[in-house]
Amino acid sequence: FLLLGFPALHYQECLIAITFLASYLVILAGNLLIICLVLSERDLYRPMYFFLCNLSSLEIFIATSIIPKAVKSLLMGSKAISYPACMAQCYFYSLLGSIEFNLLAVMSYDRYVAICYPLQYPMLMNSQLCLQLLLGSWTAGFLVTIIPTILFARLPFCNANRIDHFFCDSVLLMKLSCAETQTVELISFLASSIVLFGSLGMTAVSYLYIVNTILRLPSASSRHKAFSTCSSHFTIVSLGYGSCIFMYVQPSSHPVFRNKAVALLNTLVTPLMSPFIFSLRNQQMKDALKVSLKR
C-alpha cells in the first residue's frame with residue numbers, strides 16, 4: 001500500500017474534504033447540465049456543441065478519477081491506496097488528460113473552419129468527420145500513454161511508500177522506485193511533450209488563421225461576434241495548457257508544493273470553471289437553458 005500526503009491537522013483535512021466534495025458536486029452538475037442541454041436542444045446539434053459535450057464528459061471522468069478517493073481518504077482518515085489502484089489512477093489521469101488536449105485541438109480546428117470557411121462549414125464539418133476526429137483524439141491519447149504506462153508499471157518499488165500529493169501522480173511516484181528511472185522519465189517526458197506541444201501547435205496555427213480572418217472583416221460588430229465564438233475555448237486552452245506544461249515539462253527540482261497547486265488548478269479549478277465559461281459566455285447556450293427552464 002502507498003500513503004497519500006495530506007495536512008496533519010484534522011480540521012484542515014475536514015475543510016479540504018468539504019471543499020473538494022463541494023467542487024466535485026458543482027463539476028458534476030455543471031458538466032451534466034451542458035451534456036443534457038446539447039442532447040435535448042436541436043438548436044445545439046452542431047459540431048461545436050458535439051465536441052463540447054464530449055469535453056464535459058472528459059471533465060467529469062478526470063474529476064471522478066481523483067476527487068472521490070481524496071475525499072474518502074480525508075474523511076475516513078485512511079490515506080492508504082493499493083498499488084493497483086494507484087497505477088490505475090495514474091493511467092486514467094494521463095489517458096483522459098491526453099484525450100482532452102487532443103479534443104481541444106480538434107475544437108480549435110472546428111472554430112478555424114467555421115470562421116475561415118463559413119459557407120463550406122456544414123459540408124466540411126459533417127457528422128462523419130466529427131466522429132472520426134473524436135475517435136482519433138481517443139486513439140491518439142491511448143497510443144501516446146500506453147507505452148510509458150507499461151514501462152512505468154514494470155518498475156520495482158522498494159523504498160518509501162509515501163507520496164506527498166493528494167493523488168497518485170506519476171512524477172512523484174517514480175521517485176519511489178529503487179531502480180534506474182532515467183529511461184522511463186525520458187519516454188514519459190517525450191510522450192507528454194508530443195501531446196502538449198503537438199496539440200498546442202495545431203491550436204496555435206488554427207488561431208493564427210482565425211485572427212487573420214477576423215481582422216479582415218469589414219465591420220466591428222462582425223469582428224466582435226467572431227471573437228466571441230472563440231473566447232470560451234481560448235480561455236480553457238490557456239488554463240489547461242499553462243498548468244500541464246508547468247507540471248510535466250519542467251525540471252524535476254521544482255518544489256512539491258508548487259506541483260500540488262498546479263495539479264489542483266488542472267484537476268479541480270479548470271473542470272469547475274469550464275461549464276460556467278462555456279455557458280455564461282455563449283448566447284446559444286444561454287438561450288437553450290432559458291428554453292429548457294420554461295418547459
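Residues numbered from 1 in each chain as written. Predicted model: local features only at pLDDT ≥ 70, side-chain atom pairs only at ≥ 80, totals over all residues. Heavy atoms only, no water.

### Description of the pattern of salt bridges
Scanning the entire structure with this criterion turns up one salt bridge. The partner of arginine 111 in a salt bridge is aspartate 110, with the nearest N and O atoms 2.9 Å apart. Here arginine 111 matches aspartate 110 in class, with each residue buried. (Salt bridge = Lys/Arg side-chain N within 4 Å of Asp/Glu carboxyl O. Buried < 20%, exposed > 50% of the residue type's maximum accessible area, 1.4 Å probe, protein only.)

### A short note on the side chain of aspartate 110
Within the fold, aspartate 110 resides in helix α3 (residues 83-116). Residue classification places aspartate 110 among the buried residues on the basis of a relative accessible area of 1%. Those residues within four positions of aspartate 110 in sequence are excluded, and the remaining contacts are Pro47, Met48, Phe51, Tyr121 and Met125. (Helix = DSSP H or I, 4+ residues; strand = E, 2+ residues; numbered from the N terminus. Contact = heavy atoms within 4.5 Å.)

### So, helix α5 (residues 127-153)
Its 27 residues give α5 an end-to-end C-alpha distance of 38 Å, which sits within 8% of 39 Å, the value for a rise of 1.5 Å per residue. Every buried residue of α5 is listed here: Cys130, Leu134, Ser137, Gly141, Val144, Thr145, Pro148, Thr149 and Phe152. Summarising the contacts, the buried residues of α5 are in contact with α2 (47-76), α3, α6 (170-174) and α7 (182-215). The N-cap of α5, judged by a side-chain oxygen 3.2 Å from the amide nitrogen of glutamine 128 a few residues on, is asparagine 126. (Expected span 1.5 Å × (residues − 1). Polar contact = N/O pair within 3.5 Å; in protein donor to acceptor, adjacent residues only side chain to side chain.)

### What to know about the UniProt feature "transmembrane region" (unreviewed entry) in the protein chain
Taking the UniProt record as the reference, the feature "transmembrane region" (unreviewed entry) is found at residues 15-39, 51-71, 91-109, 129-153, 186-210, 231-249 and 261-280. As a span, residues 51-71 carries 100% helix and 0% strand, and end to end its C-alpha atoms are 30 Å apart. End C-alpha atoms of residues 129-153 are separated by 36 Å, and the span's content is 100% helix alongside 0% strand. (UniProt positions renumbered as here; feature names shortened; annotations may be inferred.)

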